[in-house]
Amino acid sequence: MRIKWFSLIRISGLLLVLLYHFYPESYRGGFVGVDLFFTFSGYLVTALFCDEFYDKGYINVGSFYRRRLFRIYPPLLLTILLCLPFTYLVSHDYLTELPQQVVSALSFTTNLFEIQNGGNYEAQFIPHLFVHTWSLALEVQFYVLWAIVVGVLAKLCRHFSGTIKNQTTYLRLSIFLISLILAITSYVTMVVRSSRLTEFSPVYFSSIAHSFPFFIGSLLASINGIKQVPQRFKRKAQQQQIKGKSVGIFTCCVIGLLILAKQLTFTSQLTYYLGILLASLLTGGMILSARMLHEKNPEASEPKVFVFLANISYGVYLFHWPLYVIFTNRWSLSQAVLATISLSIVFSMGSFYIVEPLLAGKDIVVLKKKLTPSQLKYGILLLLPLVGNLFFLISQAPQMSTLEKDLWLSNVQQDVDRLQMAREGLEQKEASDYTFPKGTSIIGDSVILGARDYLMENIPDSFVDGEVSRNLDRAYEVMIANQEENVLREYVVIGIGNNPQYDYEEQAVKIVEDLAAGHHLIFVVPYDDSSKLSELVKEQGEYYKKLAQKYDYVTICDWAVVARAHPEIYEDTDGIHFGSNQEGNELFTKTLLAALQEAEGQPRKE
Amino acid sequence: MKRQIMIASLFLAIILTCLVIFLNTEEHDYYTEVSFEDQGINYQGMVRNNKFEGEGKLTFSNGDDYRGAFVDGRFEGEGVFIQHQGWDYVGSFSKGTFNGEGVLTTEDGKIFAGRFENGVFEVDEN
């Protein structure tokens, strides 16, 4: 039984996820799209189990697994095989940890793999190509366990006397109670665990903490299923204005989800306390109103475009991420989005309308030509080079990207330099007129860390203190600690901005105001045109310029302008870290030296 | 139907094989000797997750030398650092620097023995 308008739920979930991936600065909470999928899956699977029990008097768990396997696995295999050839367009670093990624995607354990590695979509470096299969992993884990639970409950309910209708009522009641207990347990786990975290990947990817949306869906299905709905629901469907009300509720839920997509962030505690729960409840509202619309007018036809988009939504979800990650490295954001969407739709259509029916033993017609399952062998021949390519790339994949390795080794060198600095600090030295050392302290993030060796060699009396993922908040702490230890040098360079905070204004003002008297302060305007948080990075850079206008001891090193004019220094990089490029190092150092020279002519902080 | 059973079996075989591989690829510590020529770093010791972890010896091309404990690729735990210009430190490290009890001997033999906090020697007021 196909419920019309359910397609809109799938489409809404997919759109939220795509908006989050393509325009994260505008839809930074769009990741709640997967919670739509989760809630809807929990509902659909449970409602179909109840219907099957009512119709047949038993639940065939094996048949359920087979249907799910044939729906889920072919697009997943195709995603891996068809997307990997595109990695030849980008640097070898995009293959980092490919064997582990493929193994975990194909065994539905990506969420566990990402917990082990601390990965997420907002990871600073090259993201994993198949990180998005974490949600598929969670979904399959739910299917496997939930089918067993409901299958056992169904067997137990068969022992109750009475009609099949009564037995179905017992089954739904037991599903309701178990779903309620599991939903509460899972939600409480998420709240408790997230309250102790600052990096939320372990709780976000958790099979336990992030499973309550499924149980909210199954709870709803136990009350209001697909074929079986309460009498009250049927009576409501007879009301005159119910259609308008249902459309209104559905629209309000969509608006609510859009607000969540605009307001939530991956790193905010509120997301884990309330955001994901709200998204699941709003999905519940969408499910009920869509179900009511269907009940009110079962004969109405659904626009074909909705059906088409819903059919390919799973495929688009799978294909879009690796393609997008690769294309954004080569092209502008709009070009990458266009290419990603086009190719994802083509691949998903191929999967849904050709490969999946053929594997399921159905005949299909492609370009007026009938294909039969027996012709599968030709398809397999076509796949062979792609399988060969997969094994070749796996054999070539590095364990650590060049960028990560360089940054880590720079960090080791930085630690040794700090030891030397600590040694020098044991015997206080006279510095300039003020009581701090001459020279330049450069406090930066991974961009600075990557260029550290070159900067220290070419900027006299400089000490570079860089750290991966450092933001203004942390830079402030480093500056104050250096100030207290009397090792902060005369010129202080803040090279921070590629890990922007939303409260950057407050943090930047703290740096400006709490810097001790006698120092010069230089802000490096960060450069990031490679998508992701580029708008926020630009805003932060513009704010630095305002500070320089307000305070005469603040100077600007406008790296953004220089970097934009020299795209060649970012060739074969992630578009942010130029440290592996000699020309990039030279250019950055030259720009910074010019800013230091300008600062020399400016007053010190009084 | 027979074909479908074959396909389903193939899928299941892939899933189970990958699951077995996944469960057996937990990161293990192992001993290695590695040189990073660009950075002038040579390492002999234990490694986990591609980074120095556990006991090891790190030598730099300028003559600096560290022997001791590492965590996540950085100096962490008990160790000895010998600087090429003649000073050395024996004691506790954390987050890459002197942290905890230690003894630093300068180039001219002066000894700073006691507690260090983030690289700063804490002078005993008593």
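About the thresholds
- Residues numbered from 1 in each chain as written.
- Chains lettered and ligands numbered in written order.
- Predicted model: local features only at pLDDT ≥ 70, side-chain atom pairs only at ≥ 80, totals over all residues.
- Heavy atoms only, no water.
- Helix = DSSP H or I, 4+ residues; strand = E, 2+ residues; numbered from the N terminus.
- Rg over C-alpha atoms; globule rule 2.2 N^0.38 Å.
- Buried < 20%, exposed > 50% of the residue type's maximum accessible area, 1.4 Å probe, protein only.
- Contact = heavy atoms within 4.5 Å.
- Areas by Shrake-Rupley, 256 points an atom, 1.4 Å probe, with all protein chains shown as cover.
- Lys, Arg positive; Asp, Glu negative; His and termini not counted.
- Charge placed at Lys NZ, Arg CZ, Asp CG, Glu CD.
- 1 Å grid on protein atoms, 1.4 Å probe; cavity = no way out; pocket = protein on both sides within 12 Å on 5 of 7 lines; lining within 4 Å.
- Points joined across faces, edges and corners; volume = space filled by probe spheres on them.
- Phe/Tyr/Trp six-rings, centres within 6.5 Å; stacked < 30°, edge-to-face > 60°.
- Lys NZ or Arg CZ within 6 Å of the ring centre and 35° of its normal.
- pLDDT = per-residue confidence, 0-100.

Engineer: What is the right way to read the overall build of chain B from this model?
Structural biologist: Looking only at helices and strands, one finds one helix and nine strands in chain B. Listing every helix and strand of chain B by position from the N terminus yields α-β-β-β-β-β-β-β-β-β. What you see for chain B is a C-alpha radius of gyration of 23 Å, clearly larger than the 14 Å of a compact globule of 126 residues, by over 25%. With the principal axes as the frame, chain B shows a C-alpha extent of 85 × 35 × 20 Å. Looking at chain B as a whole, 40% of its 126 residues qualify as buried. Across chain B, every contact between residues at least 6 apart in sequence was considered, and the portion connecting residues at least 24 apart equals 2%. Only carbon and sulfur atoms are counted for the fraction: they give 53% of the accessible area of chain B, which is about 7,300 Å². Side chains of chain B give 10 positive and 21 negative charges; the mean places of these two sets differ by 13 Å.

Engineer: I'm lost on the environment of F215 of chain A in this one. Help?
Structural biologist: Structurally, F215 of chain A is set in helix α9 (residues 212-223). Not counting residues within four places of it along the chain, the set of residues in contact with F215 of chain A comprises F142, W146, S179, L182 and A183 of chain A.

Engineer: Is there a simple way to explain empty space enclosed by the protein in this structure?
Structural biologist: Leftover empty space is mapped by rolling, across the atoms, a probe with the size of a water molecule. Scanning all chains against the criterion turns up four cavities of 30 Å³ or more. Approximately 80 Å³ is the volume attributed to the largest cavity.

Engineer: What exactly am I supposed to notice about the packing of aromatic side chains here?
Structural biologist: Residues and elements named next belong to chain A. Under the counting rule described, the total for this entry stands at 61 aromatic pairs over all chains. Ring geometry for F6 and F40: centres 5.2 Å apart, planes at 85°, overall edge-to-face. Taken together, the positions of F6 in helix α1 (residues 6-22) and F40 in helix α2 (residues 33-56) put the pair 34 residues apart, joining distant regions of the chain. Ring geometry for W146 against F215: centres 5.4 Å apart, planes inclined by 70°, an arrangement best described as edge-to-face. One end of the pair, W146, is in helix α6 (residues 134-158); the other, F215, is in helix α9, and 69 residues separate them in sequence. For the residue pair W146 and F215, the accessibility class agrees, reading buried in each case. The cationic tip of K262 hangs over the ring face of Y27; the distance from NZ or CZ to the ring centre is 4.8 Å. It is R452 that lies over the ring of F463; its NZ or CZ is 5.4 Å from the centre.

Engineer: Before we go on, may I ask you to explain the confidence of the model for chain A in this structure?
Structural biologist: When pLDDT drops low, the exact placement of atoms in the prediction is not to be read closely. Mean pLDDT over chain A stands at 89; residues scoring 70 or higher make up 96%. Low pLDDT, under 50, characterises residues 429-433 of chain A; the predicted model gives this stretch five contacts beyond four residues in sequence or across chains.

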